[in-house]
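For reference, the chains in residue letters:
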Amino acid sequence: MKTASTLEKILASGELAVTSECGPPRGALPEKIRAKADLLRGYVDAVNVTDNQTAMVRMSSLAACILLRQMGLHPILQMVTRDRNRLAMQSDILGAYAHGIDTMLCLSGDHPHFGDHPMAAAVHDIDSIQMIQMVKDMRDAGVFQGGEKIDGPPRMFIGAAANPFADPFELRVSRLAKKVKAGVDFIQTQCIYNLDKFEKWMEGVRNRGLHEQVYILAGITPMKSVGMARYMKHKVPGMDVPDEVVKRLGGVPKDKQADEGIKICLETIARLKNVEGVRGFHLMAIEWEQKVPEIVERAGLLPRPEGLTLDVQNVLGGKP
Amino acid sequence: MITAERKPMQELIQCIKPYRSILLAGCNECVTVCAAGGRKEVGVLAAALKLHFLKEGQPLEIQEITLERQCDPEYVEQMAPSIGQVDAVLSMACGCGVQEVARRFQDKPVFPALNTKFMGASERQGVWAERCQGCGDCVLGFTAGVCPVARCSKRLFNGPCGGSSNGKCEVDPNLDCAWQLIWDRLKSLGLTERYEENLPAKDWRPAGGAGPRKIVREDMAL
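Our subject in this report is the structure included herewith. Source: prediction; values computed, not measured.

## Thoughts on the overall build of chain A
Phase 1: From N to C terminus, chain A includes 12 helices and 8 strands.
Phase 2: For 320 residues, the compact-globule estimate of 2.2 N^0.38 gives 20 Å, and the C-alpha radius of gyration of chain A, at 19 Å, lies within 12% of that figure.
Phase 3: The principal-axis extents of the C-alpha atoms in chain A amount to approximately 60 × 45 × 45 Å.
Phase 4: Entry remark: accessible area of chain A is about 12,900 Å², with carbon and sulfur atoms responsible for 51%.
Phase 5: Considering chain A, the positive charge centre built from 41 side chains and the negative charge centre built from 39 side chains are found 2 Å apart.

So, in structure tokens, the structure goes:
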């Protein structure tokens, strides 16, 4: 084991892992994120806490991760290169680890252009692959990016994203290979709707043996309505929603579309369970967190590994 | 070249309103090429300003001059004979020229008539696009002649983000994805294996991270 991360333990055991996510609130009310997170308790192994997602200001990922940790959940600290330089990143990583947060996700982040502060300067001191390398060196070599030794290195289980559907498709496996080379431990993919294309990407991943070097969690987002499907298809960069999905949702009455969305999502999970190299699922139920328990249950992913999802004792003991 | 665009007329009028006579100074270099501040643009702006202030009943006297280079003290000196006859200078050079004029004529108000934009190239008639941010440690030899610092919206050094779509950037569908261009060039050059070499975190000191930059050539210094 490289770390004490619960997610690492579950993945290493060979069990399919389940992660989900919580977007921190657009305000300073801790009960909001606690309520969202509480819905996930016992149904997922770890919870991503987004970092100013869609470039909108929210409660900091680190602060929200601490709140989740205090609830005995296992937060995954998301960190984007957009808002922090390498000094700020490293200090937040040290702080996170000191609070028992041992799993993180390295991202470049949505461009400020899409958010509520389009006038902000984006930092981009380092890119997401360089961030992976930095966190790995902090853990394995015990050094800061600048080269100095760390007094008590943070042992982070390192995640990153992969989008098999962005262009150019032919270098998407290579891009994963670069992240593996930099030291990534697990991957959460972009939402999968085009299963054929995803399976083609996975074939490329397996051909290079990358599936044996990194744990891949398939990204799943249930569609609430045909409107959402159309929006994702046309408005969200790097999203691949085939016409069949839009047609299928459009083919049922409005009040049945959410159910149909869940059905599609369950079928997707069922099919992907059989894809060699898929080691778990990352459920991104956007503003629909209350559906996660149902999806996990109906997908046959319960019970979650016992004693791992709830370790309040450990938190109370103060040890990461 | 350094590209620039003229500021809105209203902003220029506000700047020079308090003055009765100005020296309108163009530059014969980059801003002439990008049609923002050369001799021709000096003439056009002078005529427009004169007309405006005449209509306001406050005639403005404008002397016109276009220097070979406004960023060079040798040429800026050519403004010396006129400077005592005017209340202020309106410079149509890039920010480098404006500052050189301000440095030389300590007690004369100087205003920029242009917004200096970027170092770029002409894509076609009337279109200029950013190509270089002067990061001080050129990586073009590695990235197949396409700059990820200046041309990737997220300044990624290791490949396209998840928002690259049909060769375009997620920020603007009219903007080429720099990494698509790099990948296409690497393919043409038969160098695709190079893509998998991870570029390490950049040292930003040569890019200005160590404070304002200066080049000193001892071999040329007098």
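## Some thoughts on the overall build of chain B
Phase 1: Looking only at helices and strands, chain B has 8 helices and 9 strands in total.
Phase 2: Dimensions along the principal axes, computed over C-alpha positions, put chain B at roughly 65 × 45 × 25 Å.
Phase 3: Buried residues in chain B amount to 42% of all 222 residues.
Phase 4: When contacts within chain B are restricted to residue pairs at least 6 apart in sequence, those whose partners lie at least 24 apart make up 58%.
Phase 5: Charge separation in chain B, taken as the distance between the mean sites of 27 positive and 27 negative side-chain charges, equals 3 Å.

## Description of the sheet that holds strand 1 (residues 2–6) of chain B
Residue and element names in this part refer to chain B.
Phase 1: As summarised here, the arrangement of the 3 strands in space is 1-6-7, forming an open sheet in which the pairing is antiparallel. Each of the sheet's edge strands pairs with one partner strand only, and the pair in question is strand 1 and strand 7 (127–132). On average, adjacent strands in this sheet sit at an angle of 70° to one another, irrespective of strand direction.
Phase 2: The pairing of strand 1 with strand 6 (residues 114–124) spans 5 bridges and is antiparallel. Paired with R6 across the strands is L114, a residue of strand 6.

## Quick look at the sheet that holds strand 5 (residues 110–112) of chain B
All names here are of chain B.
Phase 1: Read across the sheet, 4 strands follow the order 3-2-4-5 without closing on themselves; strand pairing throughout is parallel. Among the strands making up the open sheet, the edge pair consists of strand 3 (61–67) and strand 5. This sheet shows a mean twist of 25° between the axes of neighbouring strands, independent of strand direction.
Phase 2: Seen against the sheet, helix 6 (residues 95–104) touches strand 4 (88–91) and strand 5 and runs at an angle of roughly 175° to strand 5.

## Details of the packing of aromatic side chains
Phase 1: All chains considered together, the criterion is met by 7 aromatic pairs over all chains.
Phase 2: Where Y19 of chain B meets F111 of chain B, the ring centres are 5.9 Å apart and the plane angle is 45°; that geometry is what we call tilted. On the criterion of sequence distance, the pair formed by Y19 of chain B in the loop between helix 1 (9–16) and strand 2 (21–27) and F111 of chain B in strand 5 is long-range, its members being 92 residues apart.
Phase 3: Classification of Y19 of chain B as buried rests on a relative accessible area of 18%.
Phase 4: A relative accessible area of 19% places F111 of chain B in the buried class.
Phase 5: Both rings, one in W179 of chain B and one in Y195 of chain B, keep their centres 6.0 Å apart while their planes meet at 75°; by these two values the pair is edge-to-face. With a gap of 16 residues between them, W179 of chain B in helix 8 (residues 178–188) and Y195 of chain B in the segment after helix 8 connect regions that are remote in the sequence.
Phase 6: On the accessibility criterion, W179 of chain B (5% relative accessible area) is buried.
Phase 7: The rings of F157, F186 and Y215 of chain A are connected pair by pair, giving a single aromatic cluster.
Phase 8: Above the plane of the ring of W204 of chain B lies R155 of chain B, whose end atom (NZ or CZ) is 4.0 Å from the centre.

## Focus on the side chain of K179 of chain A
Residues and elements named next belong to chain A.
Phase 1: By the secondary structure assignment, K179 is in helix 6 (residues 172–182).
Phase 2: Among buried Asp, Glu, Lys and Arg side chains, K179 stands out as unpaired, with D127 the closest opposite charge at 8.6 Å.
Phase 3: Beyond its immediate sequence surroundings of up to four residues, K179 is in contact with S128, I129, I132, A160, A161 and V184.

## Digging into the interface of chain B and chain A
Phase 1: Taken residue by residue, the interface counts 28 residues in chain B and 31 residues in chain A.
Phase 2: For the pair chain B and chain A, the summed buried surface comes to about 2,600 Å²; carbon and sulfur atoms form 47% of the total.
Phase 3: Of all residues in chain B, K154, E196 and N198 of chain B give up the largest surface area on contact with chain A, accounting jointly for 23% of the area buried on that side.
Phase 4: If you look at where chain B meets chain A, you find 2 salt bridges.
Phase 5: E196 of chain B serves as the salt-bridge partner of R208 of chain A, at 2.4 Å between the closest nitrogen and oxygen.
Phase 6: Across the chain B-chain A interface, the total number found is 26 residue pairs in polar contact (both at pLDDT 80 or more).
Phase 7: For the side of chain B that touches chain A, a count of residues per class yields 11 nonpolar, 10 polar and 7 charged.

## Points about the pairing of strand 6 (residues 186–191) of chain A
Residue and element names in this part refer to chain A.
Phase 1: The buried fraction of strand 6 is high, at 6 of 6 residues.
Phase 2: The pairing of strand 5 (residues 157–162) with strand 6 spans 4 bridges and is parallel. Bridge pairing in strand 6 links A160 to I187.
Phase 3: Handedness of the β-α-β unit built from strand 5, helix 6 and strand 6 comes out right-handed.
Phase 4: Relative to strand 7 (residues 215–220), strand 6 runs parallel, the two being bridged by 4 bridges. Paired with I187 across the bridge in strand 7 is I216.
Phase 5: On the question of chirality, the crossover connecting strand 6 to the parallel strand 7 by way of helix 7 (residues 195–207) is right-handed.

## Quick look at the packing of helix 4 (residues 86–98) of chain A against helix 5 (residues 128–141) of chain A
Residue and element names in this part refer to chain A.
Phase 1: The geometry of helix 4 relative to helix 5 is characterised by a closest axis approach of 12 Å and an angle of 45° between their N-to-C directions. Considering the angle they form, helix 4 stands oblique to helix 5. Relative to helix 5, the crossing made by helix 4 is right-handed. The segment helix 4 lies against helix 5, with R86, M89, Q90, I93 and L94 engaging M131, M134, V135 and M138.
Phase 2: Of the residues in the contact of helix 4 with helix 5, the class split is 7 nonpolar, 1 polar and 1 charged.

Basis of the calculations
- Residues numbered from 1 in each chain as written.
- Chains lettered and ligands numbered in written order.
- Predicted model: local features only at pLDDT ≥ 70, side-chain atom pairs only at ≥ 80, totals over all residues.
- Heavy atoms only, no water.
- Helix = DSSP H or I, 4+ residues; strand = E, 2+ residues; numbered from the N terminus.
- Rg over C-alpha atoms; globule rule 2.2 N^0.38 Å.
- Areas by Shrake-Rupley, 256 points an atom, 1.4 Å probe, with all protein chains shown as cover.
- Lys, Arg positive; Asp, Glu negative; His and termini not counted.
- Charge placed at Lys NZ, Arg CZ, Asp CG, Glu CD.
- Buried < 20%, exposed > 50% of the residue type's maximum accessible area, 1.4 Å probe, protein only.
- Contact = heavy atoms within 4.5 Å.
- Pairing = 2+ DSSP bridges.
- Axes fitted to C-alpha atoms, helices over the stretch in contact; angles between N-to-C directions.
- Phe/Tyr/Trp six-rings, centres within 6.5 Å; stacked < 30°, edge-to-face > 60°.
- Lys NZ or Arg CZ within 6 Å of the ring centre and 35° of its normal.
- Salt bridge = Lys/Arg side-chain N within 4 Å of Asp/Glu carboxyl O.
- Buried area = accessible area lost by both parts, 1.4 Å probe.
- Polar contact = N/O pair within 3.5 Å; in protein donor to acceptor, adjacent residues only side chain to side chain.
- Nonpolar A, V, L, I, M, F, W, Y, C, P; charged D, E, K, R; others polar.
- Right-handed = clockwise from strand over helix to strand, strands pointing away.
- Parallel < 35°, antiparallel > 145°, perpendicular 65-115°, else oblique.
- Left-handed = near helix turned anticlockwise from the far one by under 90°.

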